[in-house]
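What follows is each chain in one-letter form.
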Amino acid sequence: MAQASAASPGKVPRTARGRETLRKLLDAAAAEFGERGFHEASISGITRRAGTALGSFYTYFDSKDAIFTALVRDMSTRVATTAAAAVSEGATGLRREREALVGFLHFARDHKEIYRIIDEAEFADPESYRAHYEGTASRIAARLADGVASGTMRDGEQDVRAWAIMGMNVFLGLRFGVWDDSRPVEEIAEVAADLLGEGLRAR
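Residues numbered from 1 in each chain as written. Predicted model: local features only at pLDDT ≥ 70, side-chain atom pairs only at ≥ 80, totals over all residues. Heavy atoms only, no water.

- The protein carries the name TetR/AcrR family transcriptional regulator in an unreviewed UniProt entry, which gives Novosphingobium jiangmenense as its organism.

**Some remarks on the side chain of Thr-21**
Here comes step 1: In this structure, Thr-21 sits in helix α1 (residues 16–40).
Here comes step 2: For Thr-21, a relative accessible area of 17% gives the class buried. (Helix = DSSP H or I, 4+ residues; strand = E, 2+ residues; numbered from the N terminus. Buried < 20%, exposed > 50% of the residue type's maximum accessible area, 1.4 Å probe, protein only.)

**Observations concerning the packing of helix α4 (residues 64–86) against helix α7 (residues 126–150)**
Packed helix pairs are characterised by how far apart their axes lie and by the angle those axes make with each other.
Here comes step 1: Running from amino to carboxyl end, α4 crosses α7 at an angle of 10°, the nearest separation of the two axes being 9 Å. Relative to α7, the element α4 is oriented roughly parallel. Where α4 abuts α7, its residues Thr-69, Val-72, Arg-73, Ser-76 and Ala-80 lie against Glu-127, Ser-128, His-132 and Arg-139. (Axes fitted to C-alpha atoms, helices over the stretch in contact; angles between N-to-C directions. Parallel < 35°, antiparallel > 145°, perpendicular 65-115°, else oblique. Contact = heavy atoms within 4.5 Å.)

**Brief notes about the pattern of salt bridges**
Here comes step 1: Counting across every chain of the model gives 17 salt bridges.
Here comes step 2: Arg-36 is paired through a salt bridge with Glu-32; the nearest N and O atoms lie 3.2 Å apart. Of this pair, Arg-36 and Glu-32 both sit in helix α1, separated by four residues, roughly a single helical turn.
Here comes step 3: Between Arg-130 and Glu-134 there is a salt bridge, and its shortest N-O distance comes to 2.6 Å. (Salt bridge = Lys/Arg side-chain N within 4 Å of Asp/Glu carboxyl O.)

**Regarding the UniProt feature "DNA-binding region" (unreviewed entry) in the protein**
Here comes step 1: The residues that UniProt annotates with the feature "DNA-binding region" (unreviewed entry) are residues 42–61.
Here comes step 2: Along residues 42–61 the backbone is 75% helical and 0% strand, and the end-to-end C-alpha distance reaches 13 Å. (UniProt positions renumbered as here; feature names shortened; annotations may be inferred.)

**Digging into the packing of aromatic side chains**
Here comes step 1: Applying the stated criterion across every chain, the model contains six aromatic pairs.
Here comes step 2: Measuring from centroid to centroid gives 5.2 Å for Phe-57 and Tyr-58, while their planes differ by 80°, and the two rings are edge-to-face.
Here comes step 3: On the accessibility criterion, Phe-57 (0% relative accessible area) is buried.
Here comes step 4: Judged by relative accessible area, Tyr-58 falls into the partly exposed class, the value being 40%.
Here comes step 5: Measuring from ring centre to ring centre gives 5.2 Å for Tyr-129 and Tyr-133, while their planes differ by 75°; the resulting arrangement is edge-to-face. Of this pair, Tyr-129 and Tyr-133 both sit in helix α7, separated by four residues, roughly a single helical turn.
Here comes step 6: Relative accessible area serves as the criterion here: at 16%, Tyr-133 is assigned to the buried category.
Here comes step 7: Here the aromatic cluster, defined as three or more aromatic residues joined through ring pairs, consists of Phe-33, Phe-38 and Phe-68.
Here comes step 8: Looking at Lys-64, its charged tip hangs above the ring of Phe-38, at a distance of 4.7 Å from the centre. (Phe/Tyr/Trp six-rings, centres within 6.5 Å; stacked < 30°, edge-to-face > 60°. Lys NZ or Arg CZ within 6 Å of the ring centre and 35° of its normal.)

Dropping the structure here:
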């Protein structure tokens, strides 16, 4: 239902075909904004990539700004669901963080455009930009709290920790997902988990 709610108010698709068209438009918007940026991207470019009529765009979105906002929220939701799906049942603590990072790195490699889109949202749609990062940090903080409850992590300033972990993950995704995707993601995630678990102090 998250995808359907991406449409402008009052324009939620009611049929499977409508939801399919909405998905095509969002995917096309990701390619258009990711390649051309917010200001150079156009509605005609989005519909051309989607293989839909211009009228179909306005069936679901009021403007370029509206589909950009929908796209940022859609990608944020997909990051969350991808990371959650990568976590094995019963995983907690550092294992859970490592597996979530593996999922995110795979997503970053498959959707490199996310970095340009989210970065441009800081100026094109500040509300969605902030919501993306605040939502991500909240999910990480909740995972850390679960780790404390299960006895696999020590208690502490979970909000600060969550933002620190998110910052690490974001730049690992940029470095090893967008700029260079040659190293196995499991290897990158293992190094990150070791940093979280052991820190930098000499053993």
